[in-house]
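Observations on chain architecture
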Amino acid sequence: MSKVINLSGKFNSEQPVIQIDKKKYQINNGIQAVLAFQEAADKGVQGMLDALKGALGDEAFDEIGVMNFSLDNVKVLSTGILAAQSGISYDEAAARFQRAESSQ
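Procedures and definitions
- Residues numbered from 1 in each chain as written.
- Predicted model: local features only at pLDDT ≥ 70, side-chain atom pairs only at ≥ 80, totals over all residues.
- Heavy atoms only, no water.
- Salt bridge = Lys/Arg side-chain N within 4 Å of Asp/Glu carboxyl O.
- Helix = DSSP H or I, 4+ residues; strand = E, 2+ residues; numbered from the N terminus.
- Buried < 20%, exposed > 50% of the residue type's maximum accessible area, 1.4 Å probe, protein only.
- Contact = heavy atoms within 4.5 Å.
- Core = buried A, V, L, I, M, F, W, Y, C linked by side-chain atoms within 4.5 Å.

All chains considered together, the criterion is met by three salt bridges. Note that K23 is salt-bridged to E63, the shortest N-O span being 3.5 Å. In this pair, K23 sits in strand 2 (residues 23-26) while E63 sits in helix 2 (residues 58-64), placing the two residues 40 residues apart along the sequence. Of the residues examined, K23 reaches a relative accessible area of 40% and is grouped as partly exposed. On the accessibility criterion, E63 (44% relative accessible area) is partly exposed. Among the ionic pairs, K43 bridges to E39, the shortest N-O distance being 4.0 Å. Taken together, the positions of K43 and E39, both in helix 1 (residues 31-56) and four residues apart, correspond to about one turn of that helix. What makes K43 exposed here is its relative accessible area of 54%.

As structure tokens, then:
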């Protein structure tokens, strides 16, 4: 008979949070949201906006005013969300983002 491996209580269900000014926003770090960011690179700005909406949710996306952001601010927000999803610091995510851009 095979051994039963009990995974109960081993899954992390906490969602990461980003803070903009004094407001905190939960970030969807599910695999589908993370994959959307990877695919966004091939879909340009609209792909990035879709990925941001998926990670933030419609309400937070609208509340933050992402559609009025400059492209540079969209990159800042994207980097912060990627950092939250990956469990790394903003600076580390920014460094990875710059390395990825320079290798293209």
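So, next bit.
In this section: the environment of V74. With respect to the secondary-structure elements, V74 resides in helix 3 (residues 71-86). Contacts of V74, omitting those with residues within four sequence positions, involve M48, L52, V66 and F69.

With that settled, the discussion passes to the nonpolar core. By size, the foremost hydrophobic cluster in this structure holds 19 residues, and its most contacted members are I18, L52, L56, V66 and I81. If you list the elements that add at least two residues to this core, you get helix 1, helix 2 and helix 3. No other element matches the eight residues that helix 1 contributes to this core. Discounting residues that sit within four places of it in the chain, L52 has contacts with F37, G57, F61, V66, V74, L77, S78 and I81.

Following the sequence through the fold, K3 ends up in the segment before strand 1 (17-20). Taking the C-alpha atoms as reference, K3 lies 43 Å from D91; in sequence the two are 88 residues apart.

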